[in-house]
Structure formats: structure tokens, C-alpha cells
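Here are the chains, one letter per residue:
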Amino acid sequence: LEWIRKWELNAPGMASPRLMEASALQDKGEFKQAVETLRKAWAKFPDDPSIPRALAQCASRGGDFNLAADIWWRLLDSEKELAGQLAAIRELAIIAQQSGGMQQLLAKLRTRMENSPKSIFPPLALAEAHRYTGNYEMRRAMLLKAAEMKGDDPAMLQELARVEEEEGDSVRALATLERA
């Protein structure tokens, strides 16, 4: 840690030393200190996308699921790309599993779907969350809803067929592929 602090003094405009320090603190099991280091880094470098992700992961590893979830929701709401939004949902689903908050996550995503009925994100987010609940039928229903919203988009239907095949539902998978 000593050389990291020297690096930080010599490179005050870089986030890397702070990320390295937080990683070293986590390796030592000092999660509260690591979280504090990352909070300060985020305040100093608010435009560095790696810092809030590192902070959320550190908080989660340290058992502060509320902080981790809050950060992932902020990242989700600021993300413009669908792939990035779904990556945040995966992290939120993992946190929900670990903390016993899956029902709250599902309820929040259902509310988003009700509030944005034309957006493809909420059904895809629910499908992703249901991957972690193991509820194949709900996952399938949400993927089907997303595919229908995109006018039976071939890529979406192929993903649905992949999920159906993964679940051993080859009859549905073939029917979905024929539709694609």
C-alpha cells in the first residue's frame, strides 16, 4: 500500500492508483476502507466509468448490498446502450439473490414496464432477472413480449429459441426458429 500511496502523490490526476489501493484493501478484507477510497476517487473523477463499477462490486463483496444496488441503479439509469443496461440488471439480480431482494427487484422492473409500455428494456430486464430466479416460463414470456414489440425481430426470436433449447424445450425452440 505504501508504494501505491506514493504513486497517488506523483500522479494526482490519475484514478489508477486509487483503484489499485481499493483492490489491495479488498484483498486484505478491509472493505469499508476500500469503499471509502473508491467514494473519494469517484468524487475526484466523476467521469471515470470504472470507479462506480468498482465501488459497487466492492460494496457487494463487503456485504453492503444497499450501496451496491444504489450504484447499479444509478449506472443503469445513466446508461444509453441496451447491452450496458442489461449488464447492470445482471449485477442487480446477483445482488438481489444474495440479499433476498429478488421480489423487490422484480416488482421494480414490472413497475418500469407498466410506466414505459413501448420500451423494450423492461421486458428484457425482467427476462434477465428471471434467468436468476430460474423461472423459465416467465423468462420466455418476457423474451416473447420483447420479440413482439420489435415486430418479431429475428435476432430476438433466435435468442428466445436459444433459451427454449437451453431449457430442453426443443418443440418450442423449433417453432420459434420457424417464426424467425
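Above this text sits the structure in question.
Position numbers for residues count from 1 along each chain, tracking the sequence in the order it is written. With the structure being a predicted model, the display of local features is reserved for residues of pLDDT at least 70 and the display and counting of side-chain atom pairs for 80 or more, all residues being used for whole-chain, interface and lining totals. Excluding hydrogens and water, the side-chain values take into account all heavy atoms of the structure.

### What about the packing of helix H6 (residues 82–99) against helix H8 (residues 121–133)?
Right, on to step 1. Direction vectors running N to C along H6 and H8 enclose 35°, while the axes themselves pass 9 Å from each other. Once H6 is placed against H8, the crossing between them reads as right-handed. Contacts from Leu-82, Gln-85, Leu-86, Ile-89, Arg-90, Ala-93, Ile-94 and Gln-97 in H6 reach Phe-121, Leu-124, Ala-125, Glu-128, Ala-129 and Tyr-132 in H8.
Right, on to step 2. Only Asp, Glu, Lys and Arg are considered charged, only Ala, Val, Leu, Ile, Met, Phe, Trp, Tyr, Cys and Pro nonpolar, and every remaining residue, Gly among them, polar. Residues belonging to the contact of H6 with H8 are distributed by class as follows: 10 nonpolar, two polar and two charged. Axis geometry follows a simple rule: fit a line to the C-alpha atoms, using only the stretch in contact for helices, then measure angles between N-to-C directions, giving values from 0 to 180 degrees. Each helix is a run of H or I in the DSSP string that is no shorter than four residues. Each strand is a run of E no shorter than two, and both are numbered from the N terminus. The handedness criterion is simple: a crossing whose near helix is rotated anticlockwise from the far helix by less than a right angle is left-handed, and one whose near helix is rotated clockwise is right-handed. Working rule for contacts: check all heavy atoms of both residues, and any pair within 4.5 Å makes them a contact.

### Considering helix H2 (residues 16–27)
Right, on to step 1. Given a helix with a known number of residues, its expected span is that number minus one, times 1.5 Å. The first and last C-alpha atoms of H2 sit 16 Å apart over 12 residues, in line with the 16 Å expected at 1.5 Å per residue.
Right, on to step 2. Within H2, burial applies to Pro-17, Arg-18, Glu-21, Ala-22, Leu-25 and Gln-26.
Right, on to step 3. Immediately downstream of H2, the backbone of Gly-29 shows phi near 80°, a positive value. Buried means the residue's accessible area, taken with a 1.4 Å probe over protein chains only, is under 20% of the maximum for its type, while exposed means over 50%, and partly exposed covers the values in between.

### Concerning the environment of Ser-99
Right, on to step 1. Note that Ser-99 resides in helix H6.
Right, on to step 2. Exposure remark for Ser-99: the relative accessible area of 39% places this residue in the partly exposed category.
Right, on to step 3. Here the alpha-carbon distance between Ser-99 and Phe-65, two residues 34 residues apart in the chain, equals 6.7 Å.

### Here we look at the pattern of salt bridges
Right, on to step 1. Counted as salt bridges are all cases of a side-chain nitrogen of Lys or Arg within 4 Å of a carboxyl oxygen of Asp or Glu. By the definition in use, this model includes 12 salt bridges.
Right, on to step 2. Glu-128 serves as the salt-bridge partner of Arg-90, at 3.7 Å between the closest nitrogen and oxygen. Here Arg-90, found in helix H6, pairs with Glu-128, found in helix H8; they are 38 residues apart in sequence, far enough to count as distant.
Right, on to step 3. Residue Glu-128 is classed as buried on the basis of its relative accessible area of 9%.
Right, on to step 4. Arg-172 is the partner of Glu-137 in a salt bridge, and the nearest nitrogen-oxygen pair spans 3.1 Å. One end of the pair, Glu-137, is in helix H9 (residues 136–149); the other, Arg-172, is in helix H11 (residues 170–179), and 35 residues separate them in sequence.
Right, on to step 5. Judged by relative accessible area, Arg-172 falls into the partly exposed class, the value being 29%.

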